[in-house]
Amino acid sequence: MAKYLMKRIIYMVITLFIIASVTFFLMKFLPGTPFQNEEKLTEDQRIILDEKYGLDKPIPVQYANYMVNIVKGDLGVSFQFDNQPVTHLLMNRVGPSLELGFQAMVVGTIIGILLGMLAAMFQNTWIDYGSTFLAVLGKSIPSFVFAAVLQYYIGVKLQLLPVASWDGFASSIMPTIALAIFPVATAARFMRTELIEVLGSDYITLAKAKGNSRMEVSFKHAIRNALIPLITVLGPMAVGLMTGSLVVEQIFAIPGIGEQFVKSIQTNDFPIIMGTTLFFAFLLTVIILVIDILYGIIDPRIRLAGGDKS
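Description of the structure in this document. (Residues numbered from 1 in each chain as written. Predicted model: local features only at pLDDT ≥ 70, side-chain atom pairs only at ≥ 80, totals over all residues. Heavy atoms only, no water.)

## Focus on the packing of aromatic side chains
In this structure the tally under the stated criterion is six aromatic pairs. Seen from their ring centres, F24 and F25 are 5.2 Å apart, and the 85 degrees between their planes marks the pair as edge-to-face. Members of the aromatic cluster, joined through ring pairs, are F24, F25, Y63 and Y66. (Phe/Tyr/Trp six-rings, centres within 6.5 Å; stacked < 30°, edge-to-face > 60°.)

## Focus on helix α3 (residues 59–71)
Counted at 1.5 Å a residue, the expected span for α3 with its 13 residues is 18 Å, and the 19 Å between its end C-alpha atoms agrees. For α3, the full list of buried residues reads Q62, Y63, Y66 and M67. Along the axis of α3, the buried positions cluster into a sector of 130 degrees, meaning they face one direction only. Away from its buried face, by an angle of more than 90 degrees, α3 presents the exposed residues P60 and V71. (Helix = DSSP H or I, 4+ residues; strand = E, 2+ residues; numbered from the N terminus. Expected span 1.5 Å × (residues − 1). Buried < 20%, exposed > 50% of the residue type's maximum accessible area, 1.4 Å probe, protein only. Arc of directions from axis to C-beta.)

## A look at the pattern of salt bridges
Within this structure, the stated rule accounts for one salt bridge. A salt bridge links R192 to D128, with the nearest nitrogen and oxygen atoms 2.7 Å apart. Of the two residues, R192 is situated in helix α7 (residues 170–199) and D128 in helix α5 (residues 126–140); the sequence distance between them amounts to 64 residues. Assessed through its relative accessible area of 23%, R192 is described here as partly exposed. (Salt bridge = Lys/Arg side-chain N within 4 Å of Asp/Glu carboxyl O.)

As structure tokens, this is what we get:
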């Protein structure tokens, strides 16, 4: 297990190194500059700014400095936010996005799994059709549409929850519901498909032949195996939710990382773009590592060390 973890961590470092390198050089191909009102700057002012931010150095030197600073935990300073460190800006913004994404992921996954289980166990009944209908709605309608509907009826008409603010748990309920719609649909669809397949397996037939009830067979033998493909899907989706949904954050005025990321692209704020990309990549690689570990916990037959017996 320790050897496997070490191997995966090395892969993570290599992946992050490649992503950081590619992102850095892609930023150099972007048109324009990160300086506001560039047309009003004199040549001397432009030289001073380039020297201040190290943009006057050759690109290989800038790249080397950037990689060395990453190793030190320094992602640079923002061009647009008063020279604030990128790390500081990300830490200030990531809290609301992580909280919102975590809540949406937990709520959406639990409800989705329950709906998928009910649909598979009562196949071709009104429960199955109702669950499938909700899954189709969740996959078809964007989360920002649900967000607008919730905001209008619950926030404006009924005045039960804050319309748009980030002030306590109450203000996170509607954006959580809006973001949870997609995980609900995804989890329900995967759970239903996998559980139906598992319930048709030979070992399930054998379990039924031994006199086990439908509930016993489902909970003791089927659900555990049906969860494995679902975990594969939920991992990357969790990163997407936790790093924030731009439109939903804007609708509910949530000061999250997604809003800042898009603003940095619009203003060519290279350090924030690179820092945010690297942060996303780090979260994704960590989630993938956790998923691989969960595989072994859910199904011990899966070998963590590439087929080696553990």
